[in-house]
Amino acid sequence: MGATDKEQLLDMGFDAARVSAALAATKNSGLQAAMDWCVSPGGSALLPANGFRRLFAHADDPLPSVDAPANAIEGNDDAIQESEATAQSLKCDDCGRLLRDGKFPTISHPFKTPAAAEFHAIKSGHQNFSESVQAIKPLTEEEKKAKLAELKAKLAARKEEKRQLEIEEEKAKEKVRRATGKELVEMKERMAELEMKKAAEAKRREKEADRIAKEKIKAQIEQDKKERAARSEKERLERQGLASASSSSSIATPSAASTASGPKEYTDARIQIRLAGGGAVTHTFKATDTIGAVYAHICQHTGSSPGSFKLATTFPRQVLDDESRTLKDLGLVPSAALAMI
């Protein structure tokens, strides 16, 4: 239980006679009213130097005892018990704190709520509250200014804390963005490096394929040259009447001896075509196919339209524009190298 209004007034330094008179004069309506009465000029004037004055209409009425309760004063039938006094504040039963700005239902405002109690309950977690007849002394101007300054300082501190928190969050986000950007750059570099390696490997394979094809063509050309030389030698010998010369003759070559029964007939022609955009196409045709079949194969392979290009021998250079002639007639059997121009 909290201290009574009388005990609180006595603790404030008022003498017992003045406290009893104040409670009687205010009909126990609350601590604030009794305290106002005690400090008012009228209340002070009613008290003589000996500590008490009659408060009743008849001067012959006996004075009450100083220690008697205020509601025991004779003739004061309208006085109320302290338990029946109007509530002046709310008290937290958990911590004993009085709430200054608690609002209580009145006739004119029957639905007012104790906002201070709600705020205290939310902030502290306390749940037990009761009404108190004890009124809290209003704040002085200096106390109000100090309270306002304290609230402003707390608000500024919260704003600064929030600002620092936002700065830290922004730094963390910036670190994440930088790390993500670095990872993306590294990934792009790895992809580019991988593509370069693939392109270099493809180029190397293409060069190797071209080298092998060239070696095969050179070998085939050399073989053709030897066979042509052998046929020419045989024809020369026949013209000179030496076709029946002995196989042991020093001028007879092995190729000529092997072809003594007649030249070898080839039925296929292996043609390699160097494309205009790079690369080469190798295909085996029949010896009786025309050069037009080669043109058609190139159009099908590269998607070029007929008439948009020409084929020519590499050495000596000769444009093959008569598509009706056979590969055998053009001397492209058994193999030959052509260029797309």
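Residues numbered from 1 in each chain as written. Predicted model: local features only at pLDDT ≥ 70, side-chain atom pairs only at ≥ 80, totals over all residues. Heavy atoms only, no water.

Draft legend 1. Representation of the overall build of the protein within the structure. For the protein, the helix and strand inventory stands at 8 helices and 8 strands. Within the protein, buried positions represent 25% of all 341 residues. When contacts within the protein are restricted to residue pairs at least 6 apart in sequence, those whose partners lie at least 24 apart make up 59%. Accessible surface, the protein: about 23600 Å² in total, of which carbon and sulfur atoms supply 54%. (Helix = DSSP H or I, 4+ residues; strand = E, 2+ residues; numbered from the N terminus. Buried < 20%, exposed > 50% of the residue type's maximum accessible area, 1.4 Å probe, protein only. Contact = heavy atoms within 4.5 Å. Areas by Shrake-Rupley, 256 points an atom, 1.4 Å probe, with all protein chains shown as cover.)

Draft legend 2. Region of the structure containing the nonpolar core. If you look at the biggest cluster of nonpolar residues, it comprises 22 residues, and the most contacted ones within it are I271, I291, L327, L332 and L338. At the level of secondary structure, the elements contributing two or more residues to this core comprise β4 (268-274), β5 (280-286), α8 (291-302) and β8 (335-340). By residue number, the principal contributor to this core is α8, which donates 5 residues. With 11 residues, the next largest nonpolar core counts F14, A34, M35 and W37 among its residues. (Core = buried A, V, L, I, M, F, W, Y, C linked by side-chain atoms within 4.5 Å.)

Draft legend 3. Seen up close, the pattern of salt bridges. A full pass over the atoms with the stated rule returns 15 salt bridges. Between E238 and K234 there is a salt bridge whose closest N-O contact spans 2.2 Å. Separated by 4 residues within a single helix, E238 and K234 lie in helix α6 (residues 141-239), roughly one turn from each other. Classification of E238 as partly exposed rests on a relative accessible area of 40%. Residue classification places K234 among the partly exposed positions, given a relative accessible area of 21%. (Salt bridge = Lys/Arg side-chain N within 4 Å of Asp/Glu carboxyl O.)

Draft legend 4. How the structure looks around the pairing of β5. With 7 bridges connecting them, β4 and β5 associate as antiparallel partners. Within the sheet, the bridge partner assigned to Q272 lies in β5 and is T282. Hairpin geometry of β4 and β5 is characterised by an intervening segment of 5 residues between the two adjacent antiparallel strands and by a positive phi of about 105 degrees at G278. (Pairing = 2+ DSSP bridges.)

Draft legend 5. Structural detail: the sheet that holds strand β6 (residues 311-313). The strand order β5-β4-β8-β6-β7 describes an open sheet built from 5 strands, whose pairing is mixed. Edge strands, defined here as strands with exactly one partner in the open sheet, are β5 and β7 (318-319). Looking at chain direction, β6 and β8 are connected through 3 bridges and run antiparallel. Looking across to β8, one finds that T313 is bridged to L338. Lying over the sheet, α6 contacts β4, β5 and β8, oriented at roughly 135 degrees with respect to β4. Contacts between α8 and the sheet are confined to β4, β5, β6 and β8, with β5 contributing the most and set at about 140 degrees to the helix. (Axes fitted to C-alpha atoms, helices over the stretch in contact; angles between N-to-C directions.)

Draft legend 6. Molecular detail of a positive patch on the surface. Taken together, R97, K123, K147 and R158 make up a surface patch of like positive charges. With respect to the helices and strands, the residue K147 is situated in helix α6. (Patch = residues over 30% accessible without salt bridge, like charges linked within 9 Å, V, L, I, M, F, W, Y side chains within 5 Å. Lys, Arg positive; Asp, Glu negative; His and termini not counted. Charge placed at Lys NZ, Arg CZ, Asp CG, Glu CD.)

Draft legend 7. Expanded view of empty space enclosed by the protein. Enumeration according to the criterion identifies 1 cavity of 30 Å³ or more in this entry. When its volume is computed, the largest cavity comes out at roughly 60 Å³. K216, I217, Q220, I221, R270, I271, Q272, S335, A336 and A337 are the residues that line the largest cavity. When residues of the lining of the largest cavity are assigned to their parent elements, the largest contribution, 4 residues, is made by α6. (1 Å grid on protein atoms, 1.4 Å probe; cavity = no way out; pocket = protein on both sides within 12 Å on 5 of 7 lines; lining within 4 Å. Points joined across faces, edges and corners; volume = space filled by probe spheres on them.)

Draft legend 8. Examining α8 more closely. Given a rise of 1.5 Å per residue, 12 residues ought to cover 16 Å, and the 17 Å separating the end C-alpha atoms of α8 matches this to within 8%. Following α8 by one or two positions, G303 adopts a phi angle in the positive range, close to 80 degrees. (Expected span 1.5 Å × (residues − 1).)

Draft legend 9. Quick peek at the environment of A21. Following the sequence through the fold, A21 ends up in helix α2 (residues 16-25). Judged by its relative accessible area of 0%, A21 falls in the buried class. Separated by 13 residues in sequence, A21 and A34 place their C-alpha atoms 8.8 Å apart.

Draft legend 10. Spotlight on the confidence of the model for the protein. Per-residue confidence for the protein gives a mean pLDDT of 76, with 73% of residues at or over 70. For residues 45-80, every residue scores under 50 in pLDDT, and the model assigns this stretch 51 contacts once sequence neighbours within four places are set aside. Confidence drops under a pLDDT of 50 for residues 255-260, and excluding neighbours within four residues, the segment shows 4 contacts in the predicted structure. (pLDDT = per-residue confidence, 0-100.)

Draft legend 11. Main features of unusual backbone geometry. Residue P334 follows V333 across a cis peptide bond; omega there is 10 degrees. Inspection of the secondary structure puts P334 in the loop between β7 and β8. Despite not being glycine, K27 has its phi angle at roughly 55 degrees, a positive value. With respect to the helices and strands, the residue K27 is situated in the loop between α2 and α3 (31-39). Classification of K27 as partly exposed rests on a relative accessible area of 36%. One non-glycine residue, N28, adopts positive backbone phi at about 50 degrees. As for its position among the elements, N28 is in the loop between α2 and α3.

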